[in-house]
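Each chain, written out:
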Amino acid sequence: MKTFLAILATAVAAGLLLLIVGCAPTPYERAPEALGLPEDAVRSVADGHVTLAGGGHAFAFTVGARPATVDGVRYHLHRPAGTLALAAVDAELLRAAAVGPAPRVPRPVILLDPGHGGSDVGCAFGKDQEHAIAHDVARHAAAVLRAAGCDVRLTRAADQGPTLQARVDQAVAAPPDAYVSIHVNAAANPEAKGIEVFTLPAPGCDGTPDNSRAASWPADLPGHAHLPQATRLALRAQAALLRLPGAPADRGVKHAYFKVLREVPAPAILVETGFITNAEDRARLTSPEGRQALGIAIALGILDSFAR
Ligand SMILES: [Zn+2]
């Protein structure tokens, strides 16, 4: 009995240790290793700013804040950067998504999801409506992806408006290698502008919008299994969109419990292509050339997330 108790105690202690090690934050001095950067990566910690650079990658964190910079792109961490360490969830995801090798997929299946449609026009400014803009951007992205050898499908035709469930069902019936939902933003403040790309928050983490709380959702959603590649896809799409003419504002890679991100069993992102309520963004969204450029950028971001 004593032996059994001793074994039990050892097992519990080992389990606890594993739990602690598994969740332990990554001290900044060990961050290069945790992020997969070379040992001689340059580290600097000063005035609450941490920067790491090496192997062609650069990270910048601000102590106490979620916004960070990953290879030149604004990225919202799942946990605020600590005084002495980065949360394990962020170190692991960024290692896999930003530094680790991209998956090699000879003929990627891409499911593009133009938001809204049918009686749901989405946001609008005068005669310019989100559903039509999103579909046109998706159409241009599809052309580039097909030319690059991808198997591309759209969740809807220009005149259709399937439910969110129907869009998820399409992805469940034939899981793609990437699911990209395309939307247009709107705000009461006409100054609000720029591009943002969403992934599902990591298990147990709050999203970046205030209304996207972890407590409302289980920690094992279908999208969670694909988060590393979704994060890579988001970073690459955001980077490609920021290179557009007119240099759109970088609102960053963010996280939210959107239905398509939760329930699609594949790497899934939601791209907000700009604000219809901002003059600068609107010029891009409402011109045929602007929509084509947006579509090309999204396609290049998707292609960049695969090794080919
Ligand atoms: Zn929308």
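Residues numbered from 1 in each chain as written. Predicted model: local features only at pLDDT ≥ 70, side-chain atom pairs only at ≥ 80, totals over all residues.

Identification of the protein chain as N-acetylmuramoyl-L-alanine amidase from Candidatus Spyradenecus faecavium is taken from an unreviewed UniProt entry. Its UniProt record gives the protein chain the following Catalytic activity (unreviewed entry) comment, quoted word for word: "Hydrolyzes the link between N-acetylmuramoyl residues and L-amino acid residues in certain cell-wall glycopeptides." (UniProt positions renumbered as here; feature names shortened; annotations may be inferred.)

Looking at the UniProt feature "domain: MurNAc-LAA" (unreviewed entry) in the protein chain
The positions that UniProt labels "domain: MurNAc-LAA" (unreviewed entry) are, in the present scheme, residues 168-303. With 37% helix and 20% strand, residues 168-303 has its two end C-alpha atoms placed 22 Å apart. (Helix = DSSP H or I, 4+ residues; strand = E, 2+ residues; numbered from the N terminus.)

Description of helix 6 (residues 227-242)
With 16 residues, helix 6 extends 22 Å between its outermost C-alpha atoms, agreeing within 8% with the 22 Å of an ideal straight helix rising 1.5 Å per residue. The buried fraction of helix 6 amounts to 14 of the 16 residues, a majority that puts the element mostly inside the structure. (Expected span 1.5 Å × (residues − 1). Buried ≥ 20, exposed ≤ 12 C-beta atoms within 10 Å, placed from the backbone.)

Quick notes on the environment of Thr208
Residue placement: Thr208 occurs in the loop between strand 13 (195-199) and helix 6. On a C-alpha basis, the gap between Thr208 and His78 in space is 8.2 Å, while along the polypeptide they are 130 residues apart. Leaving out residues up to four positions away in the same chain, Thr208 has contacts with Arg66, His76, Lys254, His255 and Ala256. (Contact = placed C-beta atoms within 7 Å.)

A closer look at the nonpolar core
With 77 residues, the main nonpolar core has Val180, Ala237, Ile269 and Ile298 as its most contacted residues. Top contributing element to this core by residue count: helix 6, with nine residues. No fewer than three residues from each of domain 1 (7-99) and domain 2 (109-304) sit in this core. Every residue in contact with Ala237, bar those within four places of it in the chain, is listed here: Val197, Ile269, Val271, Ile298, Gly301 and Ile302. (Core = buried A, V, L, I, M, F, W, Y, C linked by C-beta atoms within 7 Å. Domains from an automatic or database assignment.)

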